[in-house]
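The primary structure of each chain is shown beneath.
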Amino acid sequence: MKIFVLLPAYNEAASIPTLLPRIKAALHGRNYEVVLVDDGSRDDTARLAEQYGIGMPLTILRHPINRGLGETIRDGIEYCVSAGQAGDVMVRMDCDDSQDPAYIMSFIEKIRAGADVVVASRYQEGGGQSGVHGYRNWLSWGAGLFMKAFFPIKGMRDYSSGYRAYRWEILDRALAVYGNRFIEQKLLGFSCTLEKVVKLDMLGARFSEAPHVLHYDRKQSESKMASWPTTLGYVLLALKYGNWCGVCRRQWRESINANDQSKGRLPSTLQPVEPSVCAASRVA
Ligand SMILES: Nc1nc2c(ncn2[C@@H]2O[C@H](COP(=O)(O)OP(=O)(O)OP(=O)(O)O)[C@@H](O)[C@H]2O)c(=O)[nH]1
Ligand SMILES: [Mg+2]
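Here we summarise the structure given alongside this text. Everything numeric here is computed off the predicted structure, so don't read it as measured data.

**Description of helix α2 (residues 45-52)**
Part 1 of the reasoning: Regarding α2, the residues found buried are Thr45, Leu48 and Ala49. Summarising the axial view, the buried residues of α2 lie within an arc of 105 degrees, below the 170-degree limit, and thus occupy one face.
Part 2 of the reasoning: Next to the buried residues of α2 lie β1 (3-9), α1 (16-26), β2 (32-39) and β3 (58-63).

**Let's talk about the site of ligand 1**
Part 1 of the reasoning: Around ligand 1, the surrounding shell holds 20 residues, and the nearest of these are Tyr10, Asp39, Thr72, Cys95 and Ser223.
Part 2 of the reasoning: Among the elements of the structure, β1, β2 and α3 (69-83) are those that each provide at least two residues to the shell around ligand 1.
Part 3 of the reasoning: Among the residues making up the shell around ligand 1, the classes are represented as eight nonpolar, five polar and seven charged.

**With respect to the environment of leucine 61**
Part 1 of the reasoning: When you line up the elements, leucine 61 lands in strand β3.
Part 2 of the reasoning: Spatially, the C-alpha atoms of leucine 61 and alanine 46 are 9.2 Å apart, while their sequence positions differ by 15 residues.

**Observations concerning the packing of α1 against α2**
Part 1 of the reasoning: Running from N to C, α1 and α2 point in directions that differ by 35 degrees, and their axes come no closer than 9 Å. At the point where α1 passes α2, the crossing takes the right-handed sense. Along its contact with α1, which presents Ile16, Pro17, Leu20 and Pro21, the element α2 presents Thr45, Leu48, Ala49 and Tyr52.
Part 2 of the reasoning: Here the contact of α1 with α2 is built from residues that sort into seven nonpolar, one polar and no charged.

**Focus on the nonpolar core**
Part 1 of the reasoning: Membership of the largest hydrophobic core comes to 72 residues, with the highest contact counts inside it found for Val5, Leu7, Val35, Leu36, Met90, Val91 and Phe107.
Part 2 of the reasoning: Ignoring anything within four residues of it in the chain, the contact list for leucine 36 reads Leu7, Ala9, Ala49, Leu58 and Ile60.

**Regarding the environment of proline 64**
Part 1 of the reasoning: Among the secondary structure elements, proline 64 is positioned in the loop between β3 and α3.
Part 2 of the reasoning: Distance from proline 64 to serine 41, taken between C-alpha atoms, is 8.5 Å for residues 23 residues apart in sequence.

Procedures and definitions
- Residues numbered from 1 in each chain as written.
- Chains lettered and ligands numbered in written order.
- Predicted model: local features only at pLDDT ≥ 70, side-chain atom pairs only at ≥ 80, totals over all residues.
- Buried ≥ 20, exposed ≤ 12 C-beta atoms within 10 Å, placed from the backbone.
- Helix = DSSP H or I, 4+ residues; strand = E, 2+ residues; numbered from the N terminus.
- Arc of directions from axis to C-beta.
- Contact = placed C-beta atoms within 7 Å.
- Near = placed C-beta within 6 Å.
- Nonpolar A, V, L, I, M, F, W, Y, C, P; charged D, E, K, R; others polar.
- Axes fitted to C-alpha atoms, helices over the stretch in contact; angles between N-to-C directions.
- Left-handed = near helix turned anticlockwise from the far one by under 90°.
- Core = buried A, V, L, I, M, F, W, Y, C linked by C-beta atoms within 7 Å.

This is the structure:
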């Protein structure tokens, strides 16, 4: 089994020198590959990644210009799916050093136990957060309530955590079923983080959580969370796939599963398209 660690990075020069060695220590002796997607950073992110990635299996993909988190995650997932195989796992974590790679193996245990997606959760026993204050805390709480109401997903409580492990097979299937529509929320802040779980849930993915302590006080870079575009993205997702008295979402789920079983024929509103051609260039 190989562990792909996907790092979306935009102007993260401040945290690369600590984050990469911590990943190396956490996964020492394991079969892993770090995939850092440098999304047109204007600082030294790429150069520092090359410098601090010496001696570890690191692939750097680059966007010449900043394309946002949605396209970055899409390219990273497409890379991991094409480079990996059944039995592998992709772990996506922030590059800002607020999430500890030491938790990765606890996620892998849960994947081995049968989960398709494991969420690093502040709400499981042993989890928590430090250094999250005021507005950011309130925002996360409000967003959590909204997401739980519109997208009740069995086994999931921490909706805004982007730190998650995904079974290779579920990502492969999502790309086959949704094509380039797996992540459509491209210019809408970080709403793609919710979109992924909504679409995987519609495919019938099994979700689980593992405790995680978010160290916001270790965050090295400025927050890049654009709250208004992200909120708009959540609302659009709720309108399209939300749980309006259980009706709309159940219909989507049933039609996707029915058509998936009958050799990938999908409702006309959700025709698969070819996976995007990765705009990134591979460095190493
Ligand atoms: N590729 C790409 N990554 C981004 C962009 N903006 C942020 N990121 C990355 O996405 C991850 C999350 O960004 P953060 O600023 O940590 O946002 P957050 O964790 O949701 O919220 P805060 O911690 O409150 O800022 C980090 O790894 C960033 O480098 C972007 O425009 N493109
Ligand atoms: Mg962060």
